[in-house]
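# Fold and contact review
Residues per chain are reported as follows:
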Amino acid sequence: MPQWLCNQLMRAFLKRDRRQIRLLNDCWYFYRTKQQPDDKSAAFQHGPLL
């Protein structure tokens, strides 16, 4: 996970900002699927953050 995304997720969790957490969670899944287009199972290995 990129450091900028990790920092923003931590900030959102500390502020209890559910809208921001969901948005960043979607960004993370979008990023992961774009990084590994050949391995379809990798995007579903760990489940959602929420």
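Residues numbered from 1 in each chain as written. Predicted model: local features only at pLDDT ≥ 70, side-chain atom pairs only at ≥ 80, totals over all residues. Heavy atoms only, no water.

## Focus: the overall build of the chain
Just so we agree on the cut-off: Strands are runs of DSSP state E lasting at least two residues, helices are runs of H or I lasting at least four, and both sets are numbered from the N terminus onward. A 1.4 Å probe rolled over the protein chains alone gives each residue an accessible area, and that area as a share of the maximum for its type sets the label: buried under 20%, exposed over 50%, partly exposed in between. The criterion used for residue contact is that any of the two residues' heavy atoms lie within 4.5 Å. Using the Shrake-Rupley algorithm and a 1.4 Å probe, accessible areas are obtained, with residue cover drawn only from the displayed protein chains.
In terms of regular secondary structure, the chain is built from two helices and zero strands. Residues classed as buried in the chain amount to 26% of the 50 residues present. Considering only contacts in the chain between residues 6 or more positions apart, those separated by 24 or more positions represent 25%. Carbon together with sulfur atoms contributes 55% to the accessible area of the chain, which is approximately 4,200 Å² in total.

## Things to note about the nonpolar core
The test is simple: Residues enter a nonpolar core if they are buried and are Ala, Val, Leu, Ile, Met, Phe, Trp, Tyr or Cys, with the set joined through side-chain atoms within 4.5 Å.
One finds Leu5, Leu9, Ala12, Ile21, Leu24, Trp28 and Tyr29 forming the largest nonpolar core, which totals seven residues. Elements supplying a minimum of two residues to this core: α1 (3–15) and α2 (18–35). By residue number, the principal contributor to this core is α2, which donates four residues.

## As for the packing of aromatic side chains
Our working definition: Here a Phe, Tyr or Trp ring, Trp counted by its six-membered ring, pairs with any other such ring whose centre lies within 6.5 Å, and the pair is stacked when the planes are under 30 degrees apart, edge-to-face when over 60, and tilted otherwise.
Within this structure, the stated rule accounts for one aromatic pair. The interplanar angle of 25° and the centroid separation of 5.8 Å between the aromatic rings of tryptophan 28 and tyrosine 31 together place this pair among those described as stacked. Placement of the pair is tryptophan 28 and tyrosine 31 together in helix α2, with a separation of three residues, close to one helical turn. On the accessibility criterion, tyrosine 31 (33% relative accessible area) is partly exposed.

## A look at α2
Operational definition: Multiplying 1.5 Å by the helix residue count minus one yields the expected span of that helix.
Here α2 is 18 residues long and its end C-alpha atoms lie 26 Å apart, about the 26 Å a rise of 1.5 Å per residue gives. Those residues of α2 hidden inside the fold are in contact with α1.

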